Amino acid sequence: MKKYFSLVTFSHTIFAMPFAFIGFFLAVTTTEHTFNWVKLLLMLLCMVFARNSAMAFNRYLDRDIDALNPRTKVRDIPAGRISPANALTFTLVNCALFIITTWFINKLCFFLSPVALLVVLGYSATKRFTALCHLVLGLGLSLAPIGAYLVVTGEFAMLPVFFSLAVICWVSGFDIIYALQDEDFDRNHHLHSIPSALGTVRALNLSTFLHVLSAIFVILPAVFYEFGFAYYIGLAVYCSMLVYQHRLVKPNDLSRVNFAFMTTNGIASVVFAVFFLIDRLWIHK
């Protein structure tokens, strides 16, 4: 179990899961639908199964590339801790469990489940043909808030879309920063990424632009719906963490990329979600 947690980098669940909670409780507190423990559990299972399948497939598909990259050759498949066949089996099992779980939620979630899997699994191949791979990753994680909203309501709405757009821009922006570590490797091995296509400086500028958009998209819900002071506290922390990670990473100093990637973004998502829940469940209950 420890090996498979390592394979799927389970700690990275900290990025999308808080936004899934936001989508779920946004639906509970802004519609006529009431809280349901079973739906919450099913939503959590879907998040785990979808992410497990996406990460395991990514590691399976990139195993030869990872073996060549000094930064990634210690990952579980190139290091020999998990075989490619086992990683692929793990992927297929989690895909099946994801689809089965959506069957018990509602018809819309079930019919959309193959589309969701296509997005989250398809990201793994994009680095081979487009530098827009970072946006595809952002799209995959952006399914969390709107998907969780659909679990509760079974209907689309505009409000959760703002949070999904925020996630697309946020994730794409920090993934560009993370990819700076492999700029030379990607270019030398004909892999596509924003840093290898634009260079460090312009890649950081694009990342900054995306994070400005992300901040705008988390502000917009407050324009269309009433939120209290707790939401704005969370919003301030979220935006501050976006600014802070760009102060940590400079074109001539990438030594703090991992800290900017994991710590600041983890704080941004978790704290924002906590204050969102405080606002919706205690202040505006």
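Here, the structure is the one placed above.
In short, a report on the structure. As the structure is a prediction and not an experimental result, all values here were calculated from the model.

Side note on helix H7 (residues 133-153)
Every α-helical turn comprises 3.6 residues, leaving residues that sit three or four positions apart pointing alike. With 21 residues, H7 should reach 30 Å at 1.5 Å per residue; the first-to-last C-alpha distance of 31 Å fits that figure. Remark: the principal bend of H7, roughly 30°, maps to proline 145.

Observations concerning the environment of lysine 107
Examined against the element boundaries, lysine 107 turns out to sit in helix H6 (residues 107-126). Sequence separation between lysine 107 and valine 151 is 44 residues, and the spatial gap between their C-alpha atoms is 9.9 Å.

Looking at the packing of helix H2 (residues 13-30) against helix H3 (residues 37-61)
Packed helices, taken two at a time, are described by their axes: the angle between them and the distance between them. Where H2 contacts H3, the two axes come as close as 11 Å, and the packing angle between them is 150°. Relative to H3, H2 is oriented roughly antiparallel. Pair H2 / H3 crosses with right-handed handedness. Two secondary-structure elements touch here, H2 through Thr13, Ala16, Met17, Ala20, Phe21 and Phe24 and H3 through Lys39, Leu40, Met43, Leu44, Met47, Val48 and Arg51.

Overview of the nonpolar core
Within the largest apolar cluster, 77 residues are counted, with the highest numbers of intra-cluster contacts made by Phe24, Trp170, Tyr231, Phe272 and Phe276. Sort the elements by how many residues they give to this core and helix H8 (residues 159-179) lands first, with 12 residues. The residues touching phenylalanine 276, leaving out its near neighbours within four places in the chain, are Ile22, Phe25, Leu26, Phe163, Phe227 and Tyr231.

Some thoughts on a nonpolar patch on the surface
A grouping of Val93, Leu97, Ile100, Trp103 and Phe104 is seen on the molecular surface, where their side chains present a nonpolar patch of about 530 Å² in accessible area. If you trace the backbone, isoleucine 100 turns up in helix H5 (residues 84-103).

Quick word on H3
Between its first and last C-alpha, H3 extends 36 Å over 25 residues, near the 36 Å set by a 1.5 Å rise per residue. Near the N-terminus of H3, the side chain that reaches the backbone nitrogen of valine 38, with its oxygen 2.8 Å away, is that of asparagine 36.

With respect to the packing of aromatic side chains
For the structure shown, the criterion picks out 25 aromatic pairs. With a centroid separation of 5.4 Å and an interplanar angle of 15°, the aromatic rings of phenylalanine 162 and phenylalanine 224 are classed as stacked. Taken together, the residues span a long stretch of sequence, with phenylalanine 162 in helix H8 and phenylalanine 224 in helix H11 (residues 200-224) at a distance of 62 residues. Classification of phenylalanine 162 as buried rests on a relative accessible area of 8%.

Comments concerning the environment of aspartate 175
When you line up the elements, aspartate 175 lands in helix H8. Aspartate 175 gets classed as buried once you look at its relative accessible area, which sits at 10%. Sequence-wise, aspartate 175 and asparagine 188 are 13 residues apart; in three dimensions their C-alpha atoms are separated by 20 Å. Contacts of aspartate 175, omitting those with residues within four sequence positions, involve Tyr123, His134 and Leu137. Among the polar contacts made by the side chain of aspartate 175, one reaches the side chain of histidine 134 at a distance of 2.8 Å.

Calculation notes
- Residues numbered from 1 in each chain as written.
- Predicted model: local features only at pLDDT ≥ 70, side-chain atom pairs only at ≥ 80, totals over all residues.
- Heavy atoms only, no water.
- Helix = DSSP H or I, 4+ residues; strand = E, 2+ residues; numbered from the N terminus.
- Expected span 1.5 Å × (residues − 1).
- Bend = angle between axes of the 7 residues up to and from the residue.
- Axes fitted to C-alpha atoms, helices over the stretch in contact; angles between N-to-C directions.
- Parallel < 35°, antiparallel > 145°, perpendicular 65-115°, else oblique.
- Left-handed = near helix turned anticlockwise from the far one by under 90°.
- Contact = heavy atoms within 4.5 Å.
- Core = buried A, V, L, I, M, F, W, Y, C linked by side-chain atoms within 4.5 Å.
- Buried < 20%, exposed > 50% of the residue type's maximum accessible area, 1.4 Å probe, protein only.
- Patch = residues over 30% accessible without salt bridge, like charges linked within 9 Å, V, L, I, M, F, W, Y side chains within 5 Å.
- Areas by Shrake-Rupley, 256 points an atom, 1.4 Å probe, with all protein chains shown as cover.
- Salt bridge = Lys/Arg side-chain N within 4 Å of Asp/Glu carboxyl O.
- Polar contact = N/O pair within 3.5 Å; in protein donor to acceptor, adjacent residues only side chain to side chain.
- Phe/Tyr/Trp six-rings, centres within 6.5 Å; stacked < 30°, edge-to-face > 60°.

On their own, these measurements won't tell you what the molecule is for.
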